[in-house]
Each structure stands twice: as structure tokens, then as C-alpha cells.
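# Architecture at a glance
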Amino acid sequence: MTEILIFSREGNSFCCEESAYDSGILLTNRLENAKEILSQGHIKALLVDLEGQEKEGLSLVSYLRGIHKFYLMPVIFLAADDSYESMAFHALHCFDYVTKPVCMEKMIEILNLFRGRMDSCQVPKGLVLRVRGGIHRMETTDILYIEVMNRNLLVHTWYDILTFPYRQLGLCIEQCRGDLIQCHRSIAVNCDYVEKLDYVNRLVHLKKEFGVVAMGRKYMDGLRERFDGSDIIQYTEPIL
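Read on for an overview of the structure. What you see is a predicted model; the values in this text were computed from it and never measured.

Our next topic: the pattern of salt bridges. Here the idea is simple: oppositely charged side chains can pair when their charged atoms come close. Summed over the entire model, instances satisfying the criterion amount to three salt bridges. Here Lys100 and Asp49 are joined by a salt bridge, their closest N and O atoms 3.0 Å apart. Remark: Asp49 occurs in strand S3 (residues 45–49) and Lys100 occurs in the loop between strand S5 (96–99) and helix H4 (104–112); sequence separation between them is 51 residues. Residues Lys100 and Glu51 are paired through a salt bridge, measuring 2.7 Å at the closest nitrogen-oxygen approach. Within this pair, whereas Lys100 is found in the loop between S5 and H4, its partner Glu51 is found in the loop between S3 and helix H2 (54–65), the two being separated by 49 residues in sequence. Using a relative accessible area of 40% as the deciding quantity, one classes Glu51 as partly exposed. Through salt bridges with shared partners, a single ionic network connects Asp49, Glu51 and Lys100.

Another point: the packing of aromatic side chains. Overall, the coordinates contain three aromatic pairs when judged by the stated rule. Look at Phe77 and Tyr97: their rings are 6.3 Å apart centre to centre, the planes differ by 45 degrees, and that puts the pair in the tilted class. Residue Phe77 is located in strand S4 (residues 75–79), and its partner Tyr97 is located in strand S5; the two are separated by 20 residues in the primary sequence. There is no split in this pair, since Phe77 and Tyr97 are both buried. For the ring pair Tyr193 and Phe210, a centre distance of 5.9 Å and an interplane angle of 80 degrees mean the geometry is edge-to-face. A residue pair is termed long-range when its members are at least 10 positions apart, and Tyr193 in the loop between strand S12 (187–190) and strand S13 (194–198) and Phe210 in the loop between strand S14 (203–206) and strand S15 (212–214) qualify at 17 residues. A cation sits over an aromatic face here: Arg226 above Phe227, 5.2 Å from the ring centre.

The rules behind these values
- Residues numbered from 1 in each chain as written.
- Predicted model: local features only at pLDDT ≥ 70, side-chain atom pairs only at ≥ 80, totals over all residues.
- Heavy atoms only, no water.
- Salt bridge = Lys/Arg side-chain N within 4 Å of Asp/Glu carboxyl O.
- Helix = DSSP H or I, 4+ residues; strand = E, 2+ residues; numbered from the N terminus.
- Buried < 20%, exposed > 50% of the residue type's maximum accessible area, 1.4 Å probe, protein only.
- Phe/Tyr/Trp six-rings, centres within 6.5 Å; stacked < 30°, edge-to-face > 60°.
- Lys NZ or Arg CZ within 6 Å of the ring centre and 35° of its normal.

Take a look at the structure:
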């Protein structure tokens, strides 16, 4: 199945490299054709060559970012110089901006990074937070749990605790599409890091000695439903 779309005025120059990809690629130099291909929902990443079609290339990515399900699709720009680099990163949230001449081995390496990092909607799972000067993105595999405290959002990762302006917990959970589950009125935990559910003391124990987080009575049923039957989760039943 085709997974990578290349929008380039001189798309034929990429054809000789097609066999280097584990996944298929599709080439087009027509704006409307590119939009139609993207709407079919099987593209994982977009490579846009700006040279000779700056207006069309920027318009395509702007169109993409205006559609919710494509907001996080990885986009790589190729360009003759750095004239559009600031716009590409800060306004269009690109993954990378590469100036020519292009090392094709580098491009193949970047594109292959996307394999295995997509959900069924072809969008990379992650938490994207707007901050002053741009956005901050974290893959859900790095997140232990998120917590709302003192009108701030604390993102506890395996390597650090990051603080952001307040954002509703529900919106963060929705954005991560199934990887986070709410266990407390102010906490959502990454399902992949849950090791034990202690209903007696109302605690969620995390793997690899990452500690514990609070469990609210209101969220016990949701936790049971999510982890019921799992052979890797330990349970401590509450005393009735």
C-alpha cells in the first residue's frame, strides 16, 4: 500500500529511489490531485518540494493542517534555500526542512522513521501542546502520566516532568487516542505503563519503579473495563 506522498514539480527524479523504501511512494505535481490522494486516508507522510512551486506547496500543507485528522501528519519540506524555513516550522509544523542538494539516503532514513509510529488513522500518536513561539510534541511512548495541578498541565515522562499552561485533561486524552486513561479527576495514566491496580489503597502502580499515581473511586469502573482480563496487570480488590 502507498504510504508516502511526494508533491514535486520534478517528481520523476525520485522514481529511481522507490525500491529503497520498504513502503510504497506516490508522486504528483498537481495540487488538486495531491488533495484527492490525501483524502483517501492511506498516506502516512508527505514530502513537499517547494522549488518552482512555492505557492502550491505551502498551500497544500496549509490545507492539510486545517483538517483535524491530518493535523499531526509528518511533513518534510525540500527547498532551494531557507527562505520558508521559519514558516515551515512555526506556522505549518513540519517535521523537517531540508535544503538542496538532497542526500537521498538521509531522506529515506527520515521517511522510514515513521514506520510503526502511526495508528489506524495514519496519524502519529502523540501529545501536541501549543506554547509561546510554536508547539511542543511528545510521543505517547515517552509519557508516564499527565496531571492537572495549580492551573498547569504537568506531563510526567520517563526522563523529566514538563510543565505547560493549563489544558483540559479530556482533550489530552482524546488527542492520544486510546493510550491514556483517566484514573483520577486530575490524572490520566499511560496504559502501557500500568503494572498493578490497587483498589484497596486506590493507587495505580507503574512499571519499572516509576512510582504510583492516585486512583479515584469514580474511575474504578473505567479501569476495570480497560484492563479486565489482562494477564499482565495485577489486581488488589477492595474490601466491601
